[in-house]
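# Notes for the structure review
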Amino acid sequence: MIIAPSLLAADFSRLAAETLRTARAKADWLHLDIMDGHFVPNISFGPTVVKSIRPLTRMPFDVHLMCARPEILFEPFANAGADHLTIHVELGDNVKDLIWKIKSLGLQVGLAVNPPTPISSVQPYLSQIDILLVMTVNPGFGGQSFIPETLPKVQQAAAWRKENGLTYRIEVDGGINNATAAECARAGADTFVAGTSLYGQRQMKRAIEKMRKAVDKA
Ligand code: DX5
Ligand code: ZN
């Protein structure tokens, strides 16, 4: 199981301290939400910010590109120290090329699917990706409520993985707390992005331990 706190919910006036707090809390990955004000109606931060926190930790950087033209950011994020680059299947015909561009940079490839987009849209790419990101809220903002209608997509992704002997991780993102993480785990998720429910806690280490227990029990 992977727990990946989303830095979007951190205190942006203290990003270094927040990054160190996340590392000390024994998080597995750091999830970095990149928003371009076009693919989603919000703007977050870019490669310069990611580069500035890279020296603080060895946690893998899981970069989620909610961007209409993610390809212009692949090299900048690779140079900033990203380990995984996730793009959205909603970009359509370009997806195949984008996957290969990320691979050619030597990074792991994630493919994300929004709540209204059918899970069948990712099926053609499953053998080429490392991470399938099932969005459990509509992307753009932290702190939204989990959408339970996304759970059958997680189940389908897990069934396909088994049927085809594939190894991609099934990551869920949006409204994840101990209860919804457990529901997602029962559906087949193994990688949990959580912003508000972890950064809101004084003792993030305890909060992560509790989330691991909730997932284990499920
Ligand atoms: C949504 C982002 C998520 C979000 C998760 O646009 O992709 O990573 O920040 O935040 P919470 O856990 O607060 O829903
Ligand atoms: Zn995200």
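Residues numbered from 1 in each chain as written. Chains lettered and ligands numbered in written order. Predicted model: local features only at pLDDT ≥ 70, side-chain atom pairs only at ≥ 80, totals over all residues. Heavy atoms only, no water.

## Describing the coordination of the zinc ion (ligand 2)
Protein-derived coordination of the zinc ion (ligand 2) comes from His31 (NE2), Asp33 (OD), His64 (ND1) and Asp173 (OD), at a distance range of 2.0 to 2.3 Å. Considering all six donor atoms around the zinc ion (ligand 2), the spread of angles at the metal, 67 to 166°, places the coordination shape in the octahedral class. (Donors = N, O, S within 2.8 Å, 3.2 Å for Na, K, Ca; no water. Tetrahedral: all angles 85-135°; square planar, octahedral: opposite > 155°, others 65-115°.)

## Concerning the side chain of Glu18
Tracing the sequence through the fold places Glu18 in helix α1 (residues 15-24). Separated by 2.8 Å, the side chain of Glu18 and the backbone nitrogen of Asp11 make a polar contact. Ignoring anything within four residues of it in the chain, the contact list for Glu18 reads Ala10, Asp11 and Tyr199. (Helix = DSSP H or I, 4+ residues; strand = E, 2+ residues; numbered from the N terminus. Polar contact = N/O pair within 3.5 Å; in protein donor to acceptor, adjacent residues only side chain to side chain. Contact = heavy atoms within 4.5 Å.)

## As for the packing of aromatic side chains
A full pass over the atoms with the stated rule returns one aromatic pair. Between Phe12 and Phe45, the ring centres sit 5.8 Å apart and the planes meet at 75°, which makes this aromatic pair edge-to-face. Residue Phe12 is located in the loop between β1 (2-5) and α1, and its partner Phe45 is located in the loop between β2 (30-35) and α2 (47-53); the two are separated by 33 residues in the primary sequence. Sitting over the face of the ring of Tyr168, Arg161 holds its NZ or CZ atom 5.9 Å from the ring centroid. (Phe/Tyr/Trp six-rings, centres within 6.5 Å; stacked < 30°, edge-to-face > 60°. Lys NZ or Arg CZ within 6 Å of the ring centre and 35° of its normal.)

## Some thoughts on unusual backbone geometry
If a residue is not glycine, its phi is most likely negative; likewise, a peptide bond is most likely trans. Here the phi dihedral of Lys26 falls at roughly 65°; this positive angle occurs in a residue that is not glycine. Its place among the elements puts Lys26 in the loop between α1 and β2.

## A few points about the site of ligand 1
The local shell around ligand 1 holds 20 residues, among which Asp33, Gly140, Asp173, Gly195 and Thr196 are the closest. With respect to ligand 1, the side chain of Asp173 contributes an N or O atom lying 2.6 Å from an oxygen atom. At a separation of 2.4 Å, an oxygen atom of ligand 1 approaches a polar side-chain atom of Thr196. Expressed as a share of its isolated accessible area of 380 Å², the protein-covered part of ligand 1 is 99%. Contributing elements (two or more residues each) for the shell around ligand 1: β2, β3 (61-66) and β8 (191-194). Examining the composition of the shell around ligand 1, we find that three residues originate from one element, β2, more than from any other. In terms of residue class, the shell around ligand 1 is built from eight nonpolar, ten polar and two charged. (Near = heavy atom within 4 Å. Areas by Shrake-Rupley, 256 points an atom, 1.4 Å probe, with all protein chains shown as cover. Nonpolar A, V, L, I, M, F, W, Y, C, P; charged D, E, K, R; others polar.)

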